[in-house]
Every structure is written in C-alpha cells, then in structure tokens.
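Each chain, written out:
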Amino acid sequence: MIAMVAVTATLEAIENDGMLANVREIEEYLRQRLKEVEQVVNVHGRGFLLGLEFVDKAKPIHEGLLEKKIITGTSSDPQVLRLLPPLCLGREEVDLFVDALSHVVGP
C-alpha cells in the first residue's frame, strides 16, 4: 500500500507541476545548445534520456565532467555519453552543462 501511495504521489507531482511540458521544452533547448559543440556528432534518444555521440571515446569526457561535479553515464558504445537529468531541469542547468562540456572537449 505504501508503495502505491508513493507512485500515485509521484505521478500527481509530475502532472501537477507540468514536468512533462518542461521536458519537451528543455529537450529542444538542450538539442539546440548541443549543436554548438562540434564534437557531438549525434544525439540519440528522446526526452531527458539522451545519448550524446562523439567522434572519439566518451570516457575522458565523462571523467572531465565528473571533475566539474556533473554526473553523466557511460554506455556500451564507447563513443556515447548518457544523460538522465531530473525532470525539473531548467535552462540554467542546460547552459551550465553545455558550457562545461565545451570546456572539457576543447575547441
């Protein structure tokens, strides 16, 4: 019973706080900002479950972002960096991420 109440409360929060609309808006903004990073050759996925594909291996990028306190995931594809941010992600956090990513991958 407690688990069902928790699930219901979570779903209500997602709906009442407009989180899905936020995901759609911010995903588009993130995709636009990622076009500024030449080393990102493709963006896979939908919503906030995204994989950034790079020309070279993603592990050094993952490690560089971690040094900047940005948590990303690796993938079975060595050229893909996984993103799974919270549903409340905003433009400021996207800007912070893309700026850090640009710094890590270099010019």
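Our subject is the structure that appears above.
Just so it is clear, the structure is predicted and the values come from calculations on it, not from any experiment.

Rules used throughout
- Residues numbered from 1 in each chain as written.
- Predicted model: local features only at pLDDT ≥ 70, side-chain atom pairs only at ≥ 80, totals over all residues.
- Heavy atoms only, no water.
- Helix = DSSP H or I, 4+ residues; strand = E, 2+ residues; numbered from the N terminus.
- Buried < 20%, exposed > 50% of the residue type's maximum accessible area, 1.4 Å probe, protein only.
- Contact = heavy atoms within 4.5 Å.
- Pairing = 2+ DSSP bridges.
- Phe/Tyr/Trp six-rings, centres within 6.5 Å; stacked < 30°, edge-to-face > 60°.
- Lys NZ or Arg CZ within 6 Å of the ring centre and 35° of its normal.
- Core = buried A, V, L, I, M, F, W, Y, C linked by side-chain atoms within 4.5 Å.
- Polar contact = N/O pair within 3.5 Å; in protein donor to acceptor, adjacent residues only side chain to side chain.
- Axes fitted to C-alpha atoms, helices over the stretch in contact; angles between N-to-C directions.
- Parallel < 35°, antiparallel > 145°, perpendicular 65-115°, else oblique.
- Left-handed = near helix turned anticlockwise from the far one by under 90°.
- Nonpolar A, V, L, I, M, F, W, Y, C, P; charged D, E, K, R; others polar.

What about the side chain of His62?
Residue position: His62 is located in helix H3 (residues 59-67). Since its relative accessible area comes to 14%, His62 is described here as buried. Excluding anything up to four places from it in sequence, His62 contacts Thr72, Gly73, Thr74 and Leu81.

A look at the pairing of strand E1 (residues 40-46)
The two faces of a sheet get side chains in turn, since along a regular strand they alternate between them. Sheet topology places E1 next to strand E2 (residues 49-54); 6 bridges connect them, and they run antiparallel. Pairing of Arg46 across the sheet is with Leu49, part of E2. Here E1 folds back onto E2 in antiparallel fashion, the turn holding 2 residues, of which Gly47 has a positive phi close to 70 degrees.

Thoughts on the packing of aromatic side chains
Within the structure shown, the criterion is met by 0 aromatic pairs. The lysine or arginine in question, Arg91, covers the ring of Tyr29, its NZ or CZ lying 4.3 Å from the ring centre.

Re the nonpolar core
Grouped together as the largest cluster of nonpolar side chains are 25 residues, with contacts concentrated most on Leu30, Leu34, Leu52, Phe54, Leu65, Phe97 and Leu101. Elements represented by at least two residues in this core include exactly helix H2 (19-34), E1, E2, H3, strand E3 (80-83) and helix H4 (91-105). No other element matches the 6 residues that H4 contributes to this core. Apart from residues lying up to four places away in sequence, Leu101 is in contact with Leu34, Val37, Val40, Leu52, Phe54, Ile61 and Leu65.

Some points on the side chain of Arg33
In this structure, Arg33 sits in helix H2. Here Asp95 takes part through its side chain, which lies 2.5 Å from a polar atom of the side chain of Arg33. If sequence neighbours within four positions are ignored, Arg33 has contacts with Val94, Asp95, Val98 and Asp99.

A short note on the environment of Asp95
Among the structural elements, Asp95 can be located in helix H4. It is 7.8 Å that separates the C-alpha atoms of Asp95 and Arg33, two residues lying 62 residues apart in sequence. Excluding anything up to four places from it in sequence, Asp95 contacts Tyr29 and Arg33.

Structural notes on the environment of Phe97
Here Phe97 is to be found in helix H4. Phe97 has contacts with Leu30, Leu34, Leu52, Leu65, Ile70, Thr72 and Leu83, leaving out every residue within four places of it along the chain.

Re the packing of H2 against H4
With their axes 10 Å apart at the nearest point, H2 and H4 run at an angle of 25 degrees to one another. Judged by the angle between their axes, H2 and H4 are roughly parallel. Between H2 and H4 the crossing geometry is right-handed. Touching Glu25, Ile26, Tyr29, Leu30, Arg33 and Leu34 of H2 are Arg91, Val94, Asp95, Phe97, Val98, Asp99 and Leu101, all from H4. Residues belonging to the contact of H2 with H4 are distributed by class as follows: 8 nonpolar, no polar and 5 charged.

Any functional reading would require information that these geometric values do not contain.
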